[in-house]
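# Topology and contacts: notes
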Amino acid sequence: MYKLAFLLLLFSFTTFNKNFEEEPDSWIRINLLGYTPGASKIAVWCSSSDRIEPEWQLIEAATQKVVLTGKSKDNFGAYGPFKQTMRIDFSSWKKPGKYYLRVGKTSSPAININYDVYKGTADFCLRYMRQQRTGFNPFLKDSCHTQDGYTLYGQSAGLPDSAFVDVTGGWHDASDYLQYATTSANATWHLLAAYRDFPHVFADTKLSNGLEGSNGLADVADEAKWGINWLLKMHPKANWMFNQIADDRDHARLRMPGLDSFYGIGHQRPVYFINGEPQQRGKLLNNTRGTSSTAAKMASAFALAHYLLLKDSAFKKLDKRGIYYDKALDAFRYAQKKPGVTQTASVKAPYIYAEENWVDDMELASASIHDMVINTPAGGDNGYYMIKALTYAKQEKITPWLGADTASHYQWYPFINAGHYELAKQLRTRKNGPVAGYTKQFISELWNKADTVVQYYRQGIQKVWNKAKSNAFYRGIPFIWCSNNLTVSFAIQCYWYRELSGDRTFSHLEQANFDWLFGCNPWGTSMVYGLPSWGDTPTDPHSAFTYLKKYPIDGGLVDGPVYGSIYNSLIGIKLYQPDEYAQFQSELAVYHDDFGDYSTNEPTMDGTASLIYLLAAREAESQTTELKKGGRNYTYDRGAITRGDSTQKKLALVFTGHEFSDGGHFLAQALSQQHIRASFFFTGDFYRDPANQSLINALVKGGHFLGNHSSRHLLYCDWKKRDSLLVSKEEFVSDLTGTLEPMQAFRKANGNPPNLRTSDLYFLPPYEWYNEKIAEWCGEVGKKLINFTPGTLSAADYTTPSDKNYRTSDEIYRSVVQYENTRPSGLNGFLLLMHVGTDPKRTDKFYKHIPRLIKHLKAKGYQFQTVDMLLPVQH
């Protein structure tokens, strides 16, 4: 018996000791989404012990081969729950694949390095926005809050209390069912801006009501329209504007959205009028002092919506009323009615959106209206809105929370001054072309003013960097409520600064804030529900959808960590489950994936909308990874060169041809008159067609570059699943080489002119659609895969009026000019792709605008080169 007891004791001790030894004391935090090959790639090693590991290894998952090693040198010591932290920089490794990091005995989660790590992420987050819809909710396939609502505080505008107004629609603000004009207007603006700036990132898989289908408009634009249409209801007349629907009485009980009956008038909810005066907050009043903050946000959204009506035919087709112009001006006047901030109202709890700044909203509204007016036919402008924007910009150069340790809830909202970005772009655009009403002196000063505004961004970023550079996570964002929203906004500010200035000084800080959101944080978790699907993400958010019905809230950005002192002071917080992150909590910061923690784990609508913009920017950039070779800056996308040297004011006009050639002789003559040479990539079928012989002879005689666009114009990979090949390697090689024989015949017949000596080296894939495997096969047969430079609508010149993505020639032309005006590198190194002919159903032929475009670009100082000159062989 004693022997048995001893053996049991020994077994118990051994088991305990084994478990104790297996308990990790160090972890490696990464961006769970992954990294693009050319981007900054940082992981953070964290330890609860004082031990410092001497080196790290990057290991290929498939082969278990060590592909990169480094010494432990970026040690930052203690942070939060950790005694030691270290930054691991493996940016030099650019080969796509699956990897993991090892430091001592500690391994990281799987690391994905690829060009498409951000593909579809912005669309994924749109799922949460649709789920937040009120009125008709496409996720529930049912309607809610259809009887809103009765007015409060509108007596000054002739609206007695309890008067009915129809304000159904919009989005619920968070996991409760309140609705705020200030957050919804900000969200709407971000969605509209995402559509404007990155239109090709988004899919069209939903109807305007959010149900399955395609309506010819990107889903992000559908969602933005849902928001803008609700804002119209919240500003139904020039002298009527509402700030919020419902109040904290909403929190009476947990429920799915429906018809609420606890506000005193049937199923109606209160609708708070903006009168510029303090309003009910239980025993207290809020600190409203004016009408500007909410009204200006509305004005910005209306102005951008009208701009898109002018510039985008797909956007315009779904809204022909054209009322946004007047609404923008009305809202701006309402904002000027009583300068000052509008805060939200609360009845029982002390928590409100305590916004205290408003000139940033006025700056964005002024810049947006300027852009709207200047682009509206007969709109006219004498510089009034530009000057107003400049005046407001000087009043709040730096958003006050930047560099601060704390702030009240939504005290400095929105968390980014988007007005600086819009204003700087407008200043540069106006500098590049005189506008009626401006004096010459004013125009000459605009560029310097733009640089001044851009430096405001830098100053704010520097304040955060001064705090961030002392810790391994580069964390300089205060841990206040909605810290994730601040993180998203700051990452966007870093991106905008880099875009406007070309300065990459803060690229590591920008990346660190992005990485934080997706797992490179003390808890090792993504802060976005379900993204990525294979990673640690929130599963138990503070949401009735998940708590009551187990419905996923895909794409929702949760509030994020708060200071331990904030968490410990909040009312009514309790955890419902054991804390899975207990060992990572500290007085510095707390985060719980638990329904009971409404301070860190509640998703927000406006934060998610801002994240959609950031993810769209990331996806757009991920396809243009910049690498430096041979002293030149080249851009690559999935293994193909898509842009030449971005530091040189040189570009190539590229024309493809397969089925149609109606513009060929016009182009040959126009190019000859302008004394420039272009690059023509034809298919084998085009070269072999006798009807094209005279055109090809004319192009050869004119010294133009003739290239390979495949033999039969096959589609190499699936449109929706790009990594899925539709051809074998043998079929691809046959299609690539099948064009060489007719090309060589023309070369020989014309005496092998020098400009054709490398014409079979460069390959432009059919449909301009390919993947990494196609690029690999292309390299194996000694060819250089190239593709057009994205960013303009030039490649849409083939579309016909019946296409959902139809673009007019004026739209295409403006997109090229606007890109050149607003981007730091302009069209430097561009492969500007168009078509040598189009379907007869397209009568609006863009090739007829080429002479005008060439003259414009020549006036801007551009040199035109053929592809072999822009991308020389030695590269």
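Residues numbered from 1 in each chain as written. Predicted model: local features only at pLDDT ≥ 70, side-chain atom pairs only at ≥ 80, totals over all residues. Heavy atoms only, no water.

## Structural notes on the overall build of the protein chain
Selection criterion: Here a strand is any run of E in DSSP of at least two residues, a helix any run of H or I of at least four, and the numbering for each starts at the N terminus. With the radius of gyration taken over C-alpha atoms, the globule rule is written as 2.2 Å times the number of residues to the power 0.38. Note on exposure labels: buried denotes an accessible area under 20% of the residue type's maximum, exposed denotes more than 50%, and partly exposed covers the range between, all computed with a 1.4 Å probe on protein chains only. The criterion used for residue contact is that any of the two residues' heavy atoms lie within 4.5 Å. Residue exposure ignores everything except the shown protein chains as possible cover, and the areas themselves are Shrake-Rupley values with a 1.4 Å probe. Counting rule for charge: Lys and Arg are taken as positive, Asp and Glu as negative, and neither His nor the chain ends is counted. In plain terms, the charge of a residue is placed at NZ if it is Lys, CZ if Arg, CG if Asp and CD if Glu.
Scanning the protein chain for helices and strands turns up 25 helices and 26 strands. For the protein chain, whose C-alpha radius of gyration is 29 Å, the value lies close to the compact-globule estimate of 29 Å for 875 residues. For the protein chain, the C-alpha atoms occupy an extent of roughly 90 × 90 × 50 Å along the three principal directions. When the 875 residues of the protein chain are sorted by exposure, 62% land in the buried category. For the protein chain, the share of sequence-separated contacts (at least 6 apart) that also reach a separation of at least 24 residues comes to 74%. Carbon and sulfur atoms make up 53% of the accessible area of the protein chain, which totals about 33,400 Å². Here the protein chain holds 96 positive side-chain charges and 89 negative ones, and the gap between their average locations is 5 Å.

## Considering the packing of aromatic side chains
Filter applied, for reference: Whether two aromatic rings pair depends on their centres lying within 6.5 Å, for rings of Phe, Tyr and Trp, where Trp uses its six-membered ring; planes under 30 degrees apart make the pair stacked, over 60 edge-to-face, and the rest tilted. Should the NZ of a Lys or the CZ of an Arg lie within 6 Å of a ring centre and within 35 degrees of the ring normal, that charge is described as sitting over the ring.
Going through the model one piece at a time under the given rule, you end up with 54 aromatic pairs. Their ring planes at 75° and their centres at 5.6 Å tell us that Trp496 and Tyr613 sit as a pair that is edge-to-face. Residue Trp496 is found in helix α12 (residues 483-501), and its partner Tyr613 is found in helix α16 (residues 605-622); the two are separated by 117 residues along the sequence. With relative accessibility at 1%, the residue Tyr613 sits in the buried group. Taken together, the ring pairs connect Tyr79, Phe473, Phe479, Trp516, Trp523, Tyr563, Tyr581 and Tyr591 into an aromatic cluster. Seen from the ring of Tyr862, Lys649 lies directly overhead, with NZ or CZ sitting 4.2 Å from the centre.

## Overview of the pattern of salt bridges
Note the following rule: Should a side-chain nitrogen of Lys or Arg be within 4 Å of a carboxyl oxygen of Asp or Glu, the pair is scored as a salt bridge.
For the coordinates displayed, the defined rule picks out 32 salt bridges. The shortest N-O distance in the salt bridge between Asp204 and Lys804 comes to 3.6 Å. On the criterion of sequence distance, the pair formed by Asp204 in the loop between α3 (181-197) and α4 (219-234) and Lys804 in the loop between β24 (784-785) and α23 (809-822) is long-range, its members being 600 residues apart. Overall, the relative accessible area of 16% leaves Asp204 in the buried class. The shortest N-O distance in the salt bridge between Asp405 and Lys467 comes to 2.4 Å. Remark: Lys467 occurs in helix α11 (residues 440-468) and Asp405 occurs in the loop between α9 (384-395) and α10 (418-431); sequence separation between them is 62 residues. A relative accessible area of 47% means that Asp405 is categorised as partly exposed. Judged by its relative accessible area of 28%, Lys467 falls in the partly exposed class. One continuous salt-bridge network, built from bridges that share partners, spans Arg196, Asp197, Glu422 and Lys425.

## Observations regarding the confidence of the model for the protein chain
Let me state the cut-off plainly: The quantity called pLDDT is the predictor's confidence in a given residue, expressed from 0 to 100.
Looking at the protein chain, the pLDDT average stands at 89 and 91% of residues meet or exceed 70. Within the model, pLDDT remains below 50 along residues 625-632, and this stretch shows 22 contacts once partners closer than five positions in the same chain are excluded. pLDDT under 50 marks residues 754-758. Its contacts with residues more than four places away, or in other chains, come to 12 contacts.

## What to know about the pairing of strand β20 (residues 650-657)
Just so we agree on the cut-off: In this description, strands pair whenever DSSP reports at least two bridges between them. With its strands directed away from the observer, a crossover is right-handed exactly when the path from the first strand over the helix to the second travels clockwise.
Along β20, seven of the eight residues are buried, which leaves the element largely enclosed by surrounding structure. Where β20 meets strand β26 (residues 863-864), two bridges bridge the pair, whose relative direction is parallel. For Lys650, the partnering residue across the bridge sits in β26 and is Gln863. Alignment of β20 against strand β25 (residues 831-835), held across five bridges, turns out to be parallel. The partner of Ala652 across the bridge, within β25, is Leu831. Inspection of the sheet shows β20 paired to strand β21 (residues 679-682) by four bridges, in the parallel sense. Opposite Thr656, over in β21, you have Phe681 as the bridge partner. As a crossover connection, the stretch from β20 through helix α17 (residues 664-674) into β21 is right-handed.

## Regarding the packing of α3 against α16
The cut-off we apply is this: Axis geometry follows a simple rule: fit a line to the C-alpha atoms, using only the stretch in contact for helices, then measure angles between N-to-C directions, giving values from 0 to 180 degrees. Should an angle fall under 35 degrees it is taken as roughly parallel, and over 145 as roughly antiparallel, whereas 65 to 115 is taken as roughly perpendicular and any remaining angle as oblique. A clockwise turn of the near helix away from the far one marks a right-handed crossing, whereas an anticlockwise turn of less than a right angle marks a left-handed crossing. Each residue gets one label: Ala, Val, Leu, Ile, Met, Phe, Trp, Tyr, Cys and Pro are nonpolar, Asp, Glu, Lys and Arg are charged, and the others, such as Gly, are polar.
One way to put it is that α3 packs onto α16 with a least axis distance of 8 Å and a crossing angle of 15°. The pairing of α3 with α16 is recorded here as roughly parallel in orientation. The two elements α3 and α16 meet at a crossing, and its hand is left-handed. Residues Thr183, Ser184, Asn186, Ala187, His190, Leu191, Ala193, Ala194 and Asp197 of α3 lie in contact with α16, whose contacting residues are Met605, Asp606, Ala609, Ser610, Ile612 and Tyr613. Among the residues making up the contact of α3 with α16, the classes are represented as eight nonpolar, five polar and two charged.

## Things to note about the pairing of strand β3 (residues 55-60)
Each regular strand shows side chains that alternate between the opposite faces of the sheet. The pairing of β3 with strand β4 (residues 66-71) spans five bridges and is classified as antiparallel. Within β4, the position partnered with Ile59 by the bridge is Val66. As defined by bridge partners, β3 adjoins strand β6 (residues 97-103) across four bridges and the pair is classed as antiparallel. Looking at β6, one finds that Leu58 is bridged to Leu101.

## Remarks on the sheet that holds strand β1 (residues 26-29)
The strand order across the open sheet formed by three strands is β1-β2-β5, and the pairing between neighbours is antiparallel. The sheet terminates laterally at β1 and β5 (84-89), the two strands that pair on one side only. For this sheet, the mean angle separating the axes of adjacent strands, direction not counted, is 20°. As paired elements, β1 and strand β2 (residues 42-47) share four bridges and run antiparallel to each other. What sits directly across from Trp27, in β2, is Cys46.

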